[in-house]
Amino acid sequence: MGTTQLVLSVLAFSSPLTCLAGYFSLTIMSSGATAPVAFVIVTAVLLVFSVGYMAMTKHMPRPGAFYAYISEGLGRHVGLGAAFLATLSYSVIGMGVYCFAGITITDLITKYGGPQIPWWTGAFAIWVVIGILGYFNVDVSAKVLMWVMFVEVTIVMIFNVAIVGQGGESGLTLAPFNVFEFTGGEVWVGLLFAMLVFIGFEATALYRDEVKDPNRTIPRATYIAVLFIGILYTVTVWVMVIAFGSSAEDVAKNDTAGMFALASDHYVGVWFSNVATTLVVTAVLAAILSIHNASTRYLFNLSADGALPSGLSAVHGRHRSPYRASMAISVLALVGVGLFALAGSDPSVVYAQLAGLGNAGVFVLMALVSVAVAVWFRRKGTSTGENVWSTLIAPLTSAIVMSGLVGFALANFDLVAGESDANTVLLLVLAGSFIAGLITAAVMKAKRPADFERLGGTDR
């Protein structure tokens, strides 16, 4: 893959169209008219996070991402715990989005006069497509994602241009960027919801073996992804606010799910809402494909390092894809979603819980990797040739902010996953995956020391 393909592959994870149709209203609901400020702050924080993350990428010639970097910085035990946590986090996000896909497809069929079918039939149809695409070379997935992302971004831009062109409810204004009013509200809640839509950009480092000139392509793609998401989403949230003017916060609270439809019906036309709603299906497919690819590569790396059965690290002779790891992730998703279907669970509740669980896990990983980067460069001293901004100031700043966000997210898990009696169990599952990694590392060190020494390192 080149830079553009890699950027679009990870951008699909956050799905601009899905965010426009749902997540942005959550930020407006919590931060009011100053919601765009949350996206500006999160963009700045993630650019700072990327400085140390990308500096270490140049010195880590393997595609392990969080797993590899945390192993090098904080030790193999913590690194393997992080790898297990990462695999679980991305996998459960994928399962949650499969549930959302099922709801989206069945609702769309009903909307256009079709029969009422079980939600899991739509999820299964998407699962078949993802399984096929995941089996082939990543370039195939990248081409699919490229076209889907082009369509998504086009829809978002049509929405933005239409509202800006008509001046919104009360004329164009920069008042939503008033930082002082933002700090007077629920700051952490707004930042949390804004942060959720960025998840996925960090997966660029997972594709080190599958991109052209990784030392240039991965940092470039990472910064472009953060800036692109940051600018596009900041502008779009601002547009959503001016579309409703002084009533934006009330609309977000009273009709969270319908805010986008109300704005698009008024400023563009009902036809646009119908087209956008239909395209949410392809947007969700692209998101699952991006998540599936990230999960696959974590599983592949764990297998290659001996922490999981070696057969999962096989590379297809013709397609050069981690096809067995891909099939394993597909089976895991089928079993997980299938169990929820058999139990008669509400797919919308399952989606919220699993997406919240996975996102919380990624927050923890980002905090850990920030600390790991600072520790690793401190240990290496000046031999790396990197400056103090990249090796100390940026990663420590990121570690402090991300740790604060993690603490808030875990303490207020109901905001991330929705209110449920099962949330305590979900948090225990999150902790359990990390502990399982620690135990596996300890067993490997005792019984297979040679394999233990390879965990997350630069050599295999």
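Computed from a predicted model, the values in this text were never measured in an experiment.

Attention now goes to the overall build of the chain. Regarding its fold elements, the chain presents 19 helices and 0 strands. Computed over C-alpha atoms, the radius of gyration of the chain comes to 21 Å, within 12% of the 23 Å expected from 2.2 N^0.38 for 460 residues, which places it in the range of a compact globule. In terms of overall dimensions, the chain has C-alpha extents of about 65 × 50 × 45 Å along its principal axes. Scored against the burial criterion, the 460 residues of the chain give a buried share of 57%. In the chain, the share of contacts with a sequence separation of at least 24, taken over all contacts with a separation of at least 6, comes to 82%. Entry remark: accessible area of the chain is about 17700 Å², with carbon and sulfur atoms responsible for 67%.

Counting 149 residues, the largest nonpolar core has Ile 28, Tyr 53, Phe 66, Leu 80, Phe 159 and Met 366 as the members making the most contacts within it. In contact with Tyr 53, other than residues within four places in its own chain, are Ala 65, Phe 66, Tyr 69, Glu 202, Ala 205, Val 369 and Val 373. With 5 residues, the next largest nonpolar core counts Leu 299, Phe 300, Leu 312 and Ala 325 among its residues.

In this section: the packing of aromatic side chains. Applying the stated criterion across every chain yields a total of 16 aromatic pairs. Measuring from ring centre to ring centre gives 6.5 Å for Phe 198 and Tyr 233, while their planes differ by 65°; the resulting arrangement is edge-to-face. Taken together, the positions of Phe 198 in the loop between helix H9 (187–196) and helix H10 (214–244) and Tyr 233 in helix H10 put the pair 35 residues apart, joining distant regions of the chain. Neither Phe 198 nor Tyr 233 differs from the other in exposure class; each is buried. Geometrically, the ring pair formed by Trp 271 and Phe 272 is edge-to-face, given 5.8 Å between the ring centres and 85° between the ring planes. For Phe 272, a relative accessible area of 0% gives the class buried. Here a set of aromatic residues connected by ring pairs shows up, and it is made of Phe 49, Tyr 53, Phe 66, Tyr 69 and Phe 201. Between the NZ or CZ atom of Arg 76 and the centre of the ring of Phe 452, over which it lies, the distance is 5.9 Å.

Taken together, the side chains of Phe 124, Val 128, Ile 132, Phe 136, Val 140 and Leu 334 make up a nonpolar region of the molecular surface, amounting to roughly 470 Å² of accessible area. A total of 3 residues in the nonpolar patch trace back to one element, the largest contributor, which is helix H6 (residues 119–135). Structurally, the position occupied by Ile 132 is in helix H6.

The next thing to look at is helix H1 (residues 3–14). Here H1 spans 18 Å end to end across 12 residues, near enough to the 16 Å set by a 1.5 Å rise per residue. In terms of burial, H1 is a largely internal element, 11 of the 12 residues being buried. When H1 is considered as a whole, its buried residues turn out to be Thr 3, Gln 5, Leu 6, Val 7, Leu 8, Ser 9, Val 10, Leu 11, Ala 12, Phe 13 and Ser 14. Backbone geometry just after H1 places Ser 15 at a positive phi near 50°.

Moving on to the pattern of salt bridges. Overall, the coordinates contain 4 salt bridges when judged by the stated rule. The closest approach of N and O atoms between Arg 216 and Asp 213, which form a salt bridge, is 3.3 Å. A relative accessible area of 43% places Asp 213 in the partly exposed class. Residue Asp 451 pairs with Arg 448 through a salt bridge whose shortest N-O separation is 2.9 Å. The buried category is assigned to Asp 451, whose relative accessible area is 18%.

Quick look at the confidence of the model for the chain now. This prediction gives the chain a mean pLDDT of 85; 97% of its residues lie at or above 70. Confidence, read as mean pLDDT per element, is least for helix H17 (residues 413–417) in the chain (78) and greatest for helix H14 (residues 323–342) (92).

Direction vectors running N to C along helix H4 (residues 66–74) and helix H5 (residues 76–111) enclose 160°, while the axes themselves pass 7 Å from each other. The angle between the axes of H4 and H5 places the two elements in the roughly antiparallel class. In this structure, H4 crosses over H5, and the sense of that crossing is right-handed. Facing H4, whose interface residues are Phe 66, Tyr 67, Ile 70, Ser 71 and Leu 74, H5 presents Arg 76, Val 78, Gly 79, Leu 80, Ala 82, Ala 83 and Tyr 90.

Moving on, we come to the side chain of Ser 295. Take Ser 295: it is sitting in helix H13 (residues 270–304). The class for Ser 295 is buried, based on a relative accessible area of 1%.

One non-glycine residue with positive phi stands out, namely Ser 15, at about 50°. Along the chain, Ser 15 falls in the loop between H1 and helix H2 (16–31). Owing to a relative accessible area of 3%, Ser 15 belongs among the buried residues under this scheme.

Topologically, Val 237 is positioned in helix H10. Apart from residues lying up to four places away in sequence, Val 237 is in contact with Phe 24, Ile 28, Ala 35, Pro 36 and Phe 39.

Quick look at the packing of H2 against H10 now. As a packed pair, H2 and H10 sit with axes 10 Å apart at the nearest point and diverge in direction by 60°. Considered as vectors, H2 and H10 are oriented oblique to each other. Where H2 crosses over H10, the two elements pack in a sense that is right-handed. The segment H2 lies against H10, with Pro 16, Cys 19, Leu 20, Phe 24 and Ile 28 engaging Leu 232, Tyr 233, Thr 236, Val 237, Met 240 and Val 241. Of the residues belonging to the contact of H2 with H10, the class tally is 10 nonpolar, 1 polar and no charged.

The rules behind each value
Residues numbered from 1 in each chain as written. Predicted model: local features only at pLDDT ≥ 70, side-chain atom pairs only at ≥ 80, totals over all residues. Heavy atoms only, no water. Helix = DSSP H or I, 4+ residues; strand = E, 2+ residues; numbered from the N terminus. Rg over C-alpha atoms; globule rule 2.2 N^0.38 Å. Buried < 20%, exposed > 50% of the residue type's maximum accessible area, 1.4 Å probe, protein only. Contact = heavy atoms within 4.5 Å. Areas by Shrake-Rupley, 256 points an atom, 1.4 Å probe, with all protein chains shown as cover. Core = buried A, V, L, I, M, F, W, Y, C linked by side-chain atoms within 4.5 Å. Phe/Tyr/Trp six-rings, centres within 6.5 Å; stacked < 30°, edge-to-face > 60°. Lys NZ or Arg CZ within 6 Å of the ring centre and 35° of its normal. Patch = residues over 30% accessible without salt bridge, like charges linked within 9 Å, V, L, I, M, F, W, Y side chains within 5 Å. Salt bridge = Lys/Arg side-chain N within 4 Å of Asp/Glu carboxyl O. Expected span 1.5 Å × (residues − 1). pLDDT = per-residue confidence, 0-100. Axes fitted to C-alpha atoms, helices over the stretch in contact; angles between N-to-C directions. Parallel < 35°, antiparallel > 145°, perpendicular 65-115°, else oblique. Left-handed = near helix turned anticlockwise from the far one by under 90°. Nonpolar A, V, L, I, M, F, W, Y, C, P; charged D, E, K, R; others polar.

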